[in-house]
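# Examining the three-dimensional arrangement
Here is how the chains run, residue by residue.
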Amino acid sequence: MKERIVFYINRIKAGRLQEMWRQTKWIYQYARKYWFAMIFYTCLGIFGTVVSLGSSVVSKDLVDMITGHQTGRIVRMFCVMMGLNIGNYLVNMVSSYASSWISMRVDAEIKSDIFSKILVTDWESLTNYHTGDLLTRWSGDATQISDGVLNFIPNALIYCFRFISAFAVVMYYDWTFAVFAFLGMPVSLIMSKTLLGRMVRNNKRSAQMSARMSGFNQEAFSNIQTIKAFDLIRFYVERLKQLQKDYIKMKLDFQKMSVGTSLILTIVGMMVSYACYGWGIYRVWSGVISYGTMTMFLNLSSTLTGALHNLTSLVPSAISLTTSAGRLMDIVEMPREDYSDVEKVKEFHQKNKETGIHLKLKDIAYTYHTGTEVFSHACMEAHPHEIVALVGPSGEGKTTMLRLLLSLMPIQEGCATLYGENGEVAMSPASRQLFSYVPQGNTMFSGTIAENMRNVKPDCTEEEIVEVLKLACAWEFVSKLPDGIHSEIKERGGGFSEGQAQRLSIARALLRKSPLLLLDEATSALDVATERRVLRHIMQDGYPRTCIVTTHRPTVLGVCSRVYAIREKRCVVLEEGEVDRMMHDF
C-alpha cells in the first residue's frame, strides 16, 4: 500500500495532473460563456432520466396488472407508458438539437479565436510548425474541444443523476438488487487506472500522425506541377502508402486496446446482468417480489451498469480534451506581436500623408533562433520619391531585411525609425499599416482580378483598379481578357504567367497607397524592359512613396537612387562606379 501511495505522489510531482488542470482551466474560458445553454442541456438530460425511470415503474405496474389479470387498468396504464416513451423521444430530439447548436457555436468561436491568435503570433516561432500541423490543430483539436465542452460536464452530471436516481428506486423496492449495481465498479476503476497513461500517449501519437498526413497531402496537392516535372509520381505514391501503413498500424494498435477493454467490460456487464436475472428469478420464485418488479430491476440494472460505464468513459474524454487543449496552447501561448501603438501610428500617418515617410535603420542586429547571425551594426535609410536597392548573394539577408522592416521579426539591437516632417514612430507590428509588400513567388488568391485588388482596398472603384494596373504594366494584358478585371484567377495564380502574376501583385500593392513599398525580387520574372518601365512608373506616380527593392539583376540599378550591398552582416552604400561595373558585367 505504501508503494502505491509513493507511486501516485511521484505521478503528481511529475506534473501530469497539474498540466491537465492547467489545460482544463484554458478550456473553461470558452465553456463559461455557454453556462446557460449547458444548464439547459443538463436539465433536459435529467428530465429524460426521470421520464425513463417513470417508464420503468409504469412497465412494472403494467406487467403486474397483466399477470394479476387486472384488466380494468391495463389500457390506461398502457397509454401512460406510451406517453412517457413519446415524451422521452421528444426530450432526446430536443437534447440532440441543443447539443448540435452549442457544439457548432463553441466550435466557431474557438476556431475564430485561435485563427486570430495564430495570425498575431511571433512569425519566427510560428515557422517551427508545419502548416499541416497548424491546420490539424486549428481544425481537429478545436472541434474536439467544442464537442467536449458540451459533453463532459453536462454528461457527468446527467450520468451521476441517472445512477443515483436508479439506485434510489432499486433501494426503495428491494435493497438486495442494489448490490449488483456495484459488481462491475472495481473492474471499471482498474481498467481506467491502467489505461490512463496509454490513452495520453495514444492521443498524442494520433494527433502527430494526423498532422503528418495533413502536411503531406497539402504539400503534394500544392506541388503537383513539380511532382510531374521531376517524374516523382511513383515516389510520392509510395510515400503516401507508407504513411497510410503507419497510420493503419497506429489505428489497429488503438483498436486492439479498445477491443480488449470492451471485451472485458462486456463480459463483466453480462455477468452482472445474468447475476441480476438469476437473483430476480429466485426472488420471484420465493414470492418476495412480483414479475413486474423483477422486470423493472432488470431494466434498472442495465441503467445502473450503463451509467457507471458512461462515467468511466468520461476519463478518456477528459484526456482527449486536455490533450487537444495542450496542442492548441502550444500555439497560442507563443510570443505575441505588440499592436498597442496602432492609434499612434495612424495619427503619424495622417500627419505625414502629403509629404511622405522616411525610413532609417541604425546599428541594427539580428540573430535567428538557430544561432545564425544575419546583421550586426547594419545601417540603412530611404526617403520619399526614392527607389533604394538591396543587392547581394542569395542567403546574405536581403529577404531577412525586409522582414525586419515589416517587424515580422523583432530587431534585437539598434534603432529602427519611421519619421516625417511631423514626428516619428518606432517600427513595430502596428507600423505594417504603412507598408505595401510584394514578396517572392506567386501571391495571388483564387477569385477575380478585381477581388484580389479589393483585398487591400475593399471600397476601391474600377477606375482605381485600372489605374494601378497601368502603373504595373498589367493593363496591357488584362484589357485583352474577355472579362477584363473580372477575369478569374485560379489557385496560386493559375491561368497567368509568372510575370503577369508579378505585375498583378505589384498593382495590388500600389492600390493600397501605402507610403512605403517593399518589392522582394518582385520583378524577377519580367523582362528587363518591362522591369524598368514598372519601376519608372512607380517613380513618376507623384505619390510620396518610399520604395525598397531587393534584386539579383543589376540592370535595374540605374533607376535606383541608392544601392546597398549586404556585406559582412552590414549594409554598404555602393559608389556609382561600382554600380556601373555591376550593370556592365551582368
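By convention here, each chain's residues receive numbers from 1 onward along its written sequence. Only residues with pLDDT of at least 70 are given local features in this predicted model, and only at 80 or more are side-chain atom pairs given and counted; all residues enter the totals for whole chains, interfaces and linings. As a rule here, side-chain values cover all heavy atoms of the structure and leave hydrogens and water aside.

What follows covers unusual backbone geometry. One non-glycine residue, histidine 385, lies in the positive phi region at around 65 degrees. A helix here means a DSSP run of H or I that spans at least four residues, while a strand means a run of E at least two residues long, and both kinds are numbered starting from the N terminus. Along the polypeptide, histidine 385 turns up in the loop between strand E2 (373-382) and strand E3 (386-391). Each residue is placed in one exposure class: buried if its accessible area under a 1.4 Å probe, protein chains only, is under 20% of its type's maximum, exposed if it is over 50%, and partly exposed if it falls in between. Residue classification places histidine 385 among the partly exposed positions, given a relative accessible area of 42%. Despite not being glycine, glutamate 568 has its phi angle at roughly 50 degrees, a positive value. Mapped onto the fold, glutamate 568 is located in the loop between strand E11 (562-567) and strand E12 (570-573).

On to the confidence of the model for the protein chain. Note on scores: pLDDT gives the predictor's confidence for each residue, bounded by 0 and 100. Across the protein chain, the average pLDDT comes to 79, with 85% of residues at 70 or higher. Contacts of residues 4-9 to residues separated by more than four positions or lying in other chains number two contacts, the stretch itself having pLDDT below 50. Contact between two residues is taken to exist if any of their heavy atoms lie within 4.5 Å; hydrogens are not considered.

To continue, consider the nonpolar core. Put simply, a nonpolar core is a bunch of buried Ala, Val, Leu, Ile, Met, Phe, Trp, Tyr and Cys residues held in one set by side-chain atoms that sit within 4.5 Å of each other. Among the nonpolar cores identified, the biggest contains 45 residues, and Met453, Leu469, Leu504 and Leu519 are the most heavily contacted of them. Examining the composition of this core, we find that seven residues originate from one element, helix H17 (residues 498-511), more than from any other. For leucine 519, the residues in contact, after removing those within four places along its chain, are Leu402, Val438, Ile506, Leu535, Ile538, Cys547, Ile548, Val549 and Thr550. Within the second largest apolar cluster, 35 residues are counted, among which are Ile357, Leu359, Phe375 and Tyr564.

Looking at where threonine 322 falls in the secondary structure, it is placed in helix H11 (residues 291-332). For threonine 322, a relative accessible area of 5% gives the class buried.

Exposure above 30% relative accessible area and the absence of a salt bridge qualify a residue for a patch, where like charges join within 9 Å and nonpolar side chains (Val, Leu, Ile, Met, Phe, Trp, Tyr) within 5 Å. Methods summary: accessible areas were calculated by the Shrake-Rupley approach with a probe of 1.4 Å, and residue burial reflects only the protein chains presented. Salt bridges are defined by distance alone: a side-chain nitrogen of Lys or Arg within 4 Å of a carboxyl oxygen of Asp or Glu. Side chains of Tyr28, Trp35, Ile39, Ile153 and Leu157 sit close together on the surface and give an oily, nonpolar patch of about 460 Å² of accessible area. Those elements that place two or more of their residues in the nonpolar patch are helix H3 (35-67) and helix H6 (131-173). Mapped onto the elements of the fold, tyrosine 28 is located in helix H2 (residues 16-31).

As a general point, the strands of a sheet are linked pairwise by backbone hydrogen bonds and lie either parallel or antiparallel. Pairing within the open sheet is mixed, and its six strands lie in the order E6-E9-E10-E3-E11-E12. The open sheet is flanked by strand E6 (435-438) and E12, the only strands paired with a single partner. Taken pair by pair, the neighbouring strands of this sheet meet at an average axis angle of 20 degrees, ignoring direction. Two strands pair when backbone bridges link them, and E11 and E12 are joined in this way by four bridges, in the antiparallel orientation. Residue pairing for E12: isoleucine 566 is matched across the bridge by cysteine 571. Strands E3, E6, strand E9 (516-520), strand E10 (546-550), E11 and E12 of the sheet are contacted by helix H13 (residues 398-405), whose axis makes an angle of about 155 degrees with E9. Its contacts with the sheet put H17 on E6 and E9, and the angle it makes with E6 is roughly 175 degrees. Note on pairing: two strands pair once DSSP finds at least 2 bridges between them. Axis definition: a line fit to C-alpha positions, over the contact stretch in the case of helices; interaxial angles, taken between N-to-C directions, run 0 to 180 degrees.

It is worth spelling out the environment of glycine 395 at this point. For glycine 395, the position within the fold is in the loop between E3 and H13. The exposure class of glycine 395 is exposed, given its relative accessible area of 80%. Sequence separation between glycine 395 and valine 374 is 21 residues; the distance between their C-alpha atoms is 9.2 Å.

Right, let's get into the sheet that holds strand E5 (residues 423-426). Spatially, four strands are ordered E2-E1-E4-E5 in an open sheet, and the strand pairing comes out antiparallel. Of all strands in the sheet, those with a lone pairing partner are E2 and E5, marking the two edges. Mean inter-strand twist for the sheet, computed between neighbouring axes without regard to direction, equals 20 degrees. Sheet topology places strand E1 (residues 358-367) next to strand E4 (residues 413-420); six bridges connect them, and they run antiparallel. Bridge pairing in E4 places alanine 365 opposite glutamate 413. Docked against the sheet, helix H12 (residues 342-351) engages E4 and E5, running at close to 145 degrees with respect to E5. Packing against the sheet, H13 makes contact with E1 and E2, and its axis sits at approximately 115 degrees to E1.

Turning next to the packing of aromatic side chains. Working definition: rings of Phe, Tyr and Trp (its six-membered ring) pair if their centres are within 6.5 Å, and the pair is stacked with planes under 30 degrees apart, edge-to-face with planes over 60 apart, and tilted otherwise. As enumerated under the stated definition, the model contains six aromatic pairs in all. Residues phenylalanine 235 and tyrosine 236 carry aromatic rings whose centres are separated by 5.6 Å and whose planes lie at 80 degrees to one another, so their mutual orientation is edge-to-face. Taking relative accessible area as the criterion, tyrosine 236 reaches 23% and is therefore assigned partly exposed. Within the aromatic cluster, the residues linked to one another by ring pairs are Phe216, Phe235 and Tyr236. Both a distance and an angle decide whether a charge sits over a ring: NZ of Lys or CZ of Arg must be within 6 Å of the ring centre and within 35 degrees of the ring normal. One cation-aromatic arrangement involves lysine 111 over tryptophan 138; the distance from NZ or CZ to the ring centre is 5.7 Å. Over the ring of tyrosine 236 we find arginine 239, and its NZ or CZ is 5.4 Å from the ring centre.

Following the criterion strictly, the structure yields twelve salt bridges and no others. A salt bridge links arginine 327 to aspartate 141; the nearest nitrogen and oxygen atoms lie 2.7 Å apart. Linking arginine 327 in helix H11 with aspartate 141 in helix H6, this pair joins segments that are 186 residues apart in sequence. Exposure class is identical for arginine 327 and aspartate 141. Each is buried. Glutamate 347 is the partner of lysine 351 in a salt bridge, and the nearest nitrogen-oxygen pair spans 3.3 Å. One end of the pair, lysine 351, and the other, glutamate 347, are both in helix H12, four residues apart, so they sit about a helical turn from each other. You can call lysine 351 partly exposed: its relative accessible area is 47%. When salt bridges with common partners are traced through the structure, they connect Glu476, Arg503 and Arg533 into a single cluster.

All right, on to the packing of helix H15 (residues 462-471) against H17 then. Close contact between H15 and H17 brings their axes to 8 Å; oriented N to C, the two are set at 125 degrees. Between H15 and H17, the interaxial angle falls into the category oblique. In terms of crossing hand, the pair formed by H15 and H17 is right-handed. Facing H15, whose interface residues are Glu464, Ile465, Val468, Leu469 and Leu471, H17 presents Leu504, Ala507, Leu510 and Leu511. Roughly parallel means an angle under 35 degrees; roughly antiparallel means over 145; roughly perpendicular covers 65 to 115; every other angle is labelled oblique. Left-handed describes a crossing whose near helix is turned anticlockwise from the far helix through less than a right angle; right-handed describes the clockwise counterpart.

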